[in-house]
There are 2 protein chains.
Amino acid sequence: MMRGGYIELAHGGGGQLTSELLDEVILPAVGGQQPDKLTDAAVFETAGKAAFTTDTFVIRPLEFPGGDIGKLAVCGTVNDLAVCGATPRYLSLALVLREGLEIDLLRRVLASAAAEARDAGVTIVTGDTKVVERDACDGMIINTAGIGEILPGARLGFERIRAGDRVLLSGPPGEHAIAVMSRRERLSFSSEVVSDCCSIHRPALELVERLGERVRFMRDPTRGGLAATLTEIAEATGRDVEIDESAIPVNRAAEAAAEMLGLDLLSAANEGKLVAVVAEDAAEQAREMLAGHEISARAAVIGTVGAAGGLVEMITRVGGRRVIQKPYGEQLPRIC
Amino acid sequence: MMRGGYIELAHGGGGQLTSELLDEVILPAVGGQQPDKLTDAAVFETAGKAAFTTDTFVIRPLEFPGGDIGKLAVCGTVNDLAVCGATPRYLSLALVLREGLEIDLLRRVLASAAAEARDAGVTIVTGDTKVVERDACDGMIINTAGIGEILPGARLGFERIRAGDRVLLSGPPGEHAIAVMSRRERLSFSSEVVSDCCSIHRPALELVERLGERVRFMRDPTRGGLAATLTEIAEATGRDVEIDESAIPVNRAAEAAAEMLGLDLLSAANEGKLVAVVAEDAAEQAREMLAGHEISARAAVIGTVGAAGGLVEMITRVGGRRVIQKPYGEQLPRIC
């Protein structure tokens, strides 16, 4: 039986207490293997092209409206695989726990990670747990790495983007940043903004499956938000990207909160949004496909790729033009 | 050009400063891809059985006699793959950097990781970088996940272990723990103990390639040391493991330091050692193979698997018997 309700340094020692933490908290939560099958690595069968990705999550606070670090850690890696056109299959889950962390909080976070993994159809197959002193980390850091199988029809990459291609966005930008920030600052708005934190592989992979190479590029606009993703596209292709502000879906509560907090929603982090660049003649079809999924119901065609230039320009609601710059640094540290 | 010599929070924002850090420090060091090829995941071809593993490194200090956190992060994951009988192929490298970290230290650590990866024949294919505030982490945390191809002849697992099988150890135990501890405590011994931190895949995989299923089980005895590995074998198999203390290779300087520090070398962490359980008739051959590699030159047959029981017993140098217990907690926090 786990003694006490808090993580101790000794839980990270590789001995008896580590086994207890694994057997009584971690493995039951993440649907783990039999203890006698615990080896240093998981074995899986593969064939063909696979995608491999990693992401560390340092978000503060650990729980926020719409999710927690466990759900985020699964969604983040699932989404990185999905935007490569890969069906997410296997995840690793590596925990760094701070001495003194409530074990109940750990249980909640793991349950949330496990639920999201089940829902996304991925299996957590291997893991690691380290414990550090009170002053050496706050709360919990999670790394997930993921392996996915690339869809045979996927032909994605900056180099596939052509002049005239359309840019789609799956929903209103900035909800994750606003939700985390409002919790962090203990702000309350008349209507609470909830993080968009979710796995977007179903709509993303449907695009690839049904539109094939007419889908040129996909990205989940996390840190740096829509602005970072669009400027990367412009930089990497050397093409202008023209965005229509009035076409960008808006979450009114997030907009109000952003104004109050002095944040730019276009540079604010998302954790369940998709940016897709598709051929002109596939744009409306793509929008409809995305709109068929609840998590991307408000998808919109927000812009067009130009012939040359390398800048992102936005036609504002009042008809002006504004250059969207790559965010310089950090609006919000510890957002994912 | 990177401004300043220290990591700032803004380096983690996903914007322009993140790109600079990536393009000028991280990618050049780890032999990275072209920036225009930077997507959220790496693509690789696979066929057959693969192994997948993850490990987070929180060692303190970041540099120690015989290695640093970068080398350790590569070796640790290479070794976890190797002991599954897998040829290490691809690594991810995820950094959590503390605001204020010296960029020169980061460069050294990355160069060291890259050199070890090259030497081990693995490719760092994907990564992630996060920055946290001064009070939220100390120095640097690295997670590596790895993918390896399992050798066709590998038949490894606790369930393969039989009565009469022999236990081999590739060299003197505890060198990593002593090296780190002496640096941490600023102790100096007449002869400095150097960490054994290294990739052990060559000797480990040679055993599997040449002895096939006569190799029953392999493990790299890291946290919890030899004692943790042996007690896990005894627990998982329900068999006794009898160890001969006089057969265990000794590093005299490590032994002296351990005595001074009050540490038990059998429970102390290693980062470049191999424990292998092999069929009785293959033990001498296995020892010779290991001895043919510099990093396992002092390999020895240290014990035998019994019929039943589930305990680890050591016959001491003076002929007594001592039960080796699973370490309870942590001798040394932050050792890997």
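Below is a summary of the structure that appears in this document. (Residues numbered from 1 in each chain as written. Chains lettered and ligands numbered in written order. Predicted model: local features only at pLDDT ≥ 70, side-chain atom pairs only at ≥ 80, totals over all residues. Heavy atoms only, no water.)

In this complex, chain A contributes 76 residues to the contact, which on the side of chain B involves 76 residues. Where chain A abuts chain B, roughly 6,100 Å² becomes buried across the two surfaces, and 55% of that area is made up of carbon and sulfur atoms. Here chain A and chain B share eight salt bridges between them. Two residues, A:Arg223 and B:Asp128, come together in a salt bridge whose shortest N-O distance is 3.3 Å. (Contact = heavy atoms within 4.5 Å. Buried area = accessible area lost by both parts, 1.4 Å probe. Salt bridge = Lys/Arg side-chain N within 4 Å of Asp/Glu carboxyl O.)

What follows concerns the relation of the copies chain A and chain B. Between chain A and chain B, the superposition needs a rotation of 180° and an axial shift of 0.0 Å, giving an RMSD of 0.0 Å. Both copies are brought into coincidence by an operation consistent with a two-fold rotation axis. An overlap of 100% is found between the interface residues of chain A and their copies at the interface of chain B, pointing to a shared contact surface. (Least-squares fit on C-alpha atoms with pLDDT ≥ 70 in both.)

Another point: the sheet that holds strand β1 (residues 42–57) of chain A. Strands sit in the order β5(A)-β4(A)-β6(A)-β1(A)-β1(B)-β6(B)-β4(B)-β5(B) across an open sheet of eight strands; the sheet is mixed. This sheet does not close on itself; its edge strands, each paired only once, are β5 (123–132) of chain A together with β5 (123–132) of chain B. Averaged over all neighbouring strand pairs, the angle between strand axes comes to 25°, with direction disregarded. Note: β1(A) against strand β6 (residues 140–150) of chain A, eight bridges, orientation antiparallel. Across the sheet, residue A:Ala50 finds its bridge partner in β6(A), namely A:Glu149. (Pairing = 2+ DSSP bridges. Helix = DSSP H or I, 4+ residues; strand = E, 2+ residues; numbered from the N terminus. Axes fitted to C-alpha atoms, helices over the stretch in contact; angles between N-to-C directions.)

A few words now on the pairing of strand β7 (residues 166–169) of chain B. Residues and elements named next belong to chain B. Inspection of the sheet shows β7 paired to strand β10 (residues 275–278) by four bridges, in the antiparallel sense. Bridging from a neighbouring strand, Leu168 pairs with Ala276 of β10. Here β7 pairs with strand β11 (residues 300–305) via four bridges, running antiparallel. If you follow Arg166 over to β11, its bridge partner there is Thr304.

Soluble, globular proteins show a tendency: their nonpolar side chains are buried together. Counting residues in each nonpolar core, the largest one holds 52 residues, and the members touching the most others are B:Leu106, B:Leu110 and B:Met140. At the level of elements, α1 (16–29), α2 (69–82), β4 (86–98), α3 (103–120), β5, β6 (140–150), α4 (175–184) and α7 (252–261) of chain B are the ones that each hand at least two residues to this core. Counting residues per element, this core draws most heavily on α3(B), which supplies eight residues. Of the domains in this structure, domain 1 (9–33 + 47–148) and domain 2 (158–324) of chain B are the two that each give at least three residues to this core. When residues no more than four places from it in sequence are discounted, the contact partners of B:Met140 are B:Phe57, B:Leu62, B:Ile69, B:Val96, B:Leu97, B:Leu101, B:Leu106 and B:Val109. In terms of nonpolar packing, the next biggest core, distinct from the first, is built from 51 residues, A:Ile26, A:Ala73, A:Leu105 and A:Leu110 among them. (Core = buried A, V, L, I, M, F, W, Y, C linked by side-chain atoms within 4.5 Å. Buried < 20%, exposed > 50% of the residue type's maximum accessible area, 1.4 Å probe, protein only. Domains from an automatic or database assignment.)

Pairing between the strands of a sheet comes from backbone hydrogen bonds, and it takes one of two forms, parallel or antiparallel. All names here are of chain A. With respect to topology, seven strands assemble into an open sheet ordered β8-β10-β7-β11-β9-β12-β13, the strand pairing being mixed. Both edges of this open sheet fall to β8 (215–219) and β13 (321–324), since each of them pairs with a single strand only. Each strand axis lies, on average, 25° off the axis of its neighbour in the sheet, ignoring direction. Pairing between strand β12 (residues 312–315) and β13: four bridges, direction antiparallel. Paired with Met314 across the strands is Arg322, a residue of β13. Here helix α5 (residues 201–211) sits on the sheet and contacts β8 and β10 (275–278); the angle it forms with β8, its principal contact strand, is near 170°. Relative to the sheet, helix α8 (residues 283–291) contacts β7 (166–169), β10 and β11 (300–305), its axis offset from that of β7 by approximately 10°.

Turning next to the environment of B:Met140. Tracing the backbone through its elements, the reader meets B:Met140 in strand β6. Along the chain, B:Met140 and B:Arg298 lie 158 residues apart, while their C-alpha atoms are 34 Å from each other.

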